[in-house]
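Fold and contact review
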Amino acid sequence: MHKLILPLLASAALAIAAPALGQDAKPLAGQSITVLMPSPQGPNIASDFEAETGIHVDLQTLSWDDIRPKLVTALVAGTAPADVTEFDWSWTGQFSAAGWYMPLNDVIDADTVKDIGVAKIFTVDGKLLGIPYTNDFRVMLVNKKHFADAGITEMPKTLDALVAAAKKIKEKGIVEYPIGLPVSATEGASTSWYLLTKAFGGELFDKDFNPLFTSPDSAGYKALAFELMLLKEGLVDPASTGLKDSQINESMFAQGITSIMISGEPGRLGQMNDPKQSKVAGQVEAILVPTASGETRSFGLPEALAIPNVSPNKEAAIAFVKWFTSKDFQKKNAVNGFLPTRTSALSELNESGKLNSGDALVAQAKTVEPLFPQGTPPWYPQFSSGVNTAINSAAKGQMSVDQAMEAIAYAAKQAMAQ
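Residues numbered from 1 in each chain as written. Predicted model: local features only at pLDDT ≥ 70, side-chain atom pairs only at ≥ 80, totals over all residues. Heavy atoms only, no water.

The name recorded for the chain in an unreviewed UniProt entry is ABC transporter substrate-binding protein, from Rhizobium leguminosarum. Among the UniProt annotations of the chain, the heading Sequence similarities (unreviewed entry) holds the following wording: "Belongs to the bacterial solute-binding protein 1 family." (UniProt positions renumbered as here; feature names shortened; annotations may be inferred.)

What follows is the structure, given as structure tokens:
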């Protein structure tokens, strides 16, 4: 979902070659489209695209939280909110079930889909509904200076090694609470538990959406027990029961108060290493997510561009989606906080030394899985709310792990029934 996105800087008109967009031929010149994306977006997108294609763009922006209600209201009424719209990973189930968006399989080439591995998150029943334009997956962010000061020379690959490192940092008095972990009733608590469930080698549901986390030997059960252990051992600040992930990132990790972000966001690397925004600039790097087995795993929360079925300007809309998700544009846009969704763009940026923690990001990107292998269900928002409410209660000592897992299973059942 929409995380840290920085505005585009002024630049010369982009000259981006794409199969459907020749340098001289402008077959769609004179057409106009509307594009609805999260704010902020740079002032040059529309003019650069028009210079390239002759297609005029009315670029409309809203806060990320305001986009989904606008889309749903318009699409339920059978009207187009825009010719091209934002399409978040978490909306895939609902929007697919409603049949609101145009399948893009026949207009996006196979090489592009292969290059953008997270495109599978937007594929339901073989239909590709959105083309990911900005990447978000989970890595672990660490303060490498804190590790070095504690005498830790090798970054942890297992969860046991992670706990040992955190304890060493605490024992050395470098920080009181080394691990940043949201356990509030917010989405950040849900996504952290999802990541740890993957890290313990499991999934949330089976193929029929039966919960896989209620048994004590399940990965989801172990993940919550692990979180409560971190709290009990004094490795996570008890105040985290009331903090969002953004607050832990900005008010704790970026201030040098914590050493490790369990569920780290790659898009924050620039911010964390910017002396104007962070007290730990030059100290932060991404590492592969440690797991119980030592074989890293992660899941993706990317954002895509998609075209409503009721768009009256589909051909020009397709041209915009291709242009905005092209390798050249993604490489130019990366310096502004948009992590490329194309593996090729990530690799080329890394080879040129223009990607913070590039080796780790490229390696982690290759392991990114969908949170729901069978597709994000339409009831995900209600389920996630049930997850973080139960986690918060357990973190406050109001529920046992058993009770929390049963509460989450019940929330899933209730969400599916709606």
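1. A closer look at the overall build of the chain
What the chain contains, in helices and strands, is 16 helices and 13 strands. The C-alpha radius of gyration computed for the chain amounts to 22 Å, which stays within 12% of the reference 22 Å derived for 418 residues, consistent with globular compactness. Each of the three principal axes of the chain carries a C-alpha extent, and together these read 65 × 50 × 30 Å. For the chain, the proportion of its 418 residues judged to be buried stands at 56%. Nonlocal contacts in the chain, meaning residues at least 24 apart in sequence, comprise 75% of its contacts between residues at least 6 apart. Carbon and sulfur atoms provide 51% of the accessible area of the chain, an area that totals close to 16,500 Å². Here the chain carries 34 positive and 44 negative side-chain charges, and the mean point of each set is 3 Å from the other. (Helix = DSSP H or I, 4+ residues; strand = E, 2+ residues; numbered from the N terminus. Rg over C-alpha atoms; globule rule 2.2 N^0.38 Å. Buried < 20%, exposed > 50% of the residue type's maximum accessible area, 1.4 Å probe, protein only. Contact = heavy atoms within 4.5 Å. Areas by Shrake-Rupley, 256 points an atom, 1.4 Å probe, with all protein chains shown as cover. Lys, Arg positive; Asp, Glu negative; His and termini not counted. Charge placed at Lys NZ, Arg CZ, Asp CG, Glu CD.)

2. Things to note about the domain arrangement of the chain
By domain assignment, the chain separates into domain 1 (32-136 + 300-369) and domain 2 (139-299 + 378-417). Between domain 1 and domain 2, the C-alpha centre-to-centre distance is 28 Å. Contacts between the two partners involve 17 residues from domain 1 and, on the opposite side, 20 residues from domain 2. If you look at where domain 1 meets domain 2, you find two salt bridges. The salt bridge partner of Arg-297 is Glu-369, with a shortest N-O separation of 2.8 Å. Counting the contacts that link domain 1 with domain 2 gives six residue pairs in polar contact (both at pLDDT 80 or more). Elements with a minimum of two residues in the side of domain 1 that touches domain 2: helix H3 (92-98), helix H14 (358-365) and strand E13 (368-369). For the side of domain 1 that touches domain 2, the residue count by class is seven nonpolar, eight polar and two charged. (Domains from an automatic or database assignment. Salt bridge = Lys/Arg side-chain N within 4 Å of Asp/Glu carboxyl O. Polar contact = N/O pair within 3.5 Å; in protein donor to acceptor, adjacent residues only side chain to side chain. Nonpolar A, V, L, I, M, F, W, Y, C, P; charged D, E, K, R; others polar.)

3. Considering the sheet that holds strand E8 (residues 179-180)
Overall, mixed pairing links the four strands, which are arranged E8-E9-E7-E10 in an open sheet. Edge positions in the sheet fall to E8 and strand E10 (284-287), since each of these pairs with one other strand and no more. Bridging between E8 and strand E9 (residues 260-264) involves two bridges; their strand directions are parallel. If you follow Ile-179 over to E9, its bridge partner there is Ile-260. (Pairing = 2+ DSSP bridges.)

4. Regarding the sheet that holds strand E2 (residues 56-62)
The five strands lie next to each other as E2-E1-E3-E12-E6, forming an open sheet whose pairing is mixed. On the outer flanks of this sheet lie E2 and strand E6 (131-134), each paired with one strand and no other. Ignoring strand direction, the axes of neighbouring strands in this sheet form an average angle of 35°. Note that strand E1 (residues 32-38) and E2 share seven bridges and pair parallel. Bridged to Thr-34 within E2 is Asp-58. Across the face of the sheet, helix H2 (residues 64-76) comes into contact with E1, E2, strand E3 (84-88) and strand E12 (303-306) while running at roughly 130° to E1. (Axes fitted to C-alpha atoms, helices over the stretch in contact; angles between N-to-C directions.)

5. Quick look at the packing of aromatic side chains
Going through the model one piece at a time under the given rule, you end up with 30 aromatic pairs. Note on Trp-193 and Phe-213: the rings are 5.6 Å apart at their centroids and 75° apart in plane angle, and the pair reads as edge-to-face. Here Phe-213 lies in the loop between helix H7 (187-199) and helix H8 (219-232) and Trp-193 lies in helix H7, a separation of 20 residues in the sequence. Put simply, the rings of Trp-89, Trp-193, Tyr-194, Phe-205, Phe-209, Phe-213, Phe-299, Phe-372, Trp-379, Tyr-380 and Phe-383 pair up and form one aromatic cluster. (Phe/Tyr/Trp six-rings, centres within 6.5 Å; stacked < 30°, edge-to-face > 60°.)

6. Remarks on the side chain of Arg-297
Inspection of the secondary structure assignment puts Arg-297 in the loop between E10 and strand E11 (298-299). Of the polar contacts made by the side chain of Arg-297, one reaches the backbone oxygen of Lys-198; its length is 3.1 Å. A polar atom in the side chain of Arg-297 sits 2.8 Å from the side chain of Glu-203. Here Arg-297 is in contact with Leu-195, Lys-198, Gly-201, Gly-202, Glu-203, Val-289, Thr-291, Gln-364, Thr-367 and Glu-369, once residues within four sequence places are set aside.

7. Description of the confidence of the model for the chain
Here the chain shows a mean pLDDT of 90. Residues at 70 or above account for 93%. Counted against residues more than four places away or in other chains, residues 1-23, with its pLDDT under 50, gives 67 contacts. (pLDDT = per-residue confidence, 0-100.)

8. Some thoughts on the packing of H7 against helix H15 (residues 380-395)
Viewed as axis vectors pointing N to C, H7 and H15 meet at an angle of 90°, and their least axial separation amounts to 8 Å. Considering their axes alone, H7 and H15 lie roughly perpendicular with respect to each other. For the pair H7 and H15, contact is made by Glu-187, Ala-189, Ser-190, Trp-193 and Tyr-194 and by Tyr-380, Phe-383, Ser-384, Val-387, Asn-388 and Ile-391, respectively. Residues of the contact of H7 with H15, tallied by class, amount to seven nonpolar, three polar and one charged. (Parallel < 35°, antiparallel > 145°, perpendicular 65-115°, else oblique.)

9. Concerning H15
Its 16 residues give H15 an end-to-end C-alpha distance of 22 Å, which sits within 8% of 22 Å, the value for a rise of 1.5 Å per residue. The element H15 is largely enclosed, with a buried count of 12 among its 16 residues. Structurally, H15 contributes buried residues whose contacts are with H7, H8 and helix H16 (401-417). Directly after H15, the chain includes Gly-397, whose backbone phi takes a positive value near 80°. (Expected span 1.5 Å × (residues − 1).)

10. Description of empty space enclosed by the protein
One pass over the full model with this rule turns up four cavities of 30 Å³ or more. When its volume is computed, the second largest cavity comes out at roughly 60 Å³. Taken together, Arg-138, Gly-180, Pro-182, Gly-188, Thr-191, Ser-192, Asp-245, Asn-249, Met-261, Ser-263 and Glu-265 form the lining of the second largest cavity. Looking at the lining of the second largest cavity, the elements that each hand over two or more residues are H7, helix H9 (245-252) and E9. Top element by residues in the lining of the second largest cavity is H7. It accounts for three residues. Taken together, the residues of the lining of the second largest cavity sort by class into two nonpolar, six polar and three charged. (1 Å grid on protein atoms, 1.4 Å probe; cavity = no way out; pocket = protein on both sides within 12 Å on 5 of 7 lines; lining within 4 Å. Points joined across faces, edges and corners; volume = space filled by probe spheres on them.)

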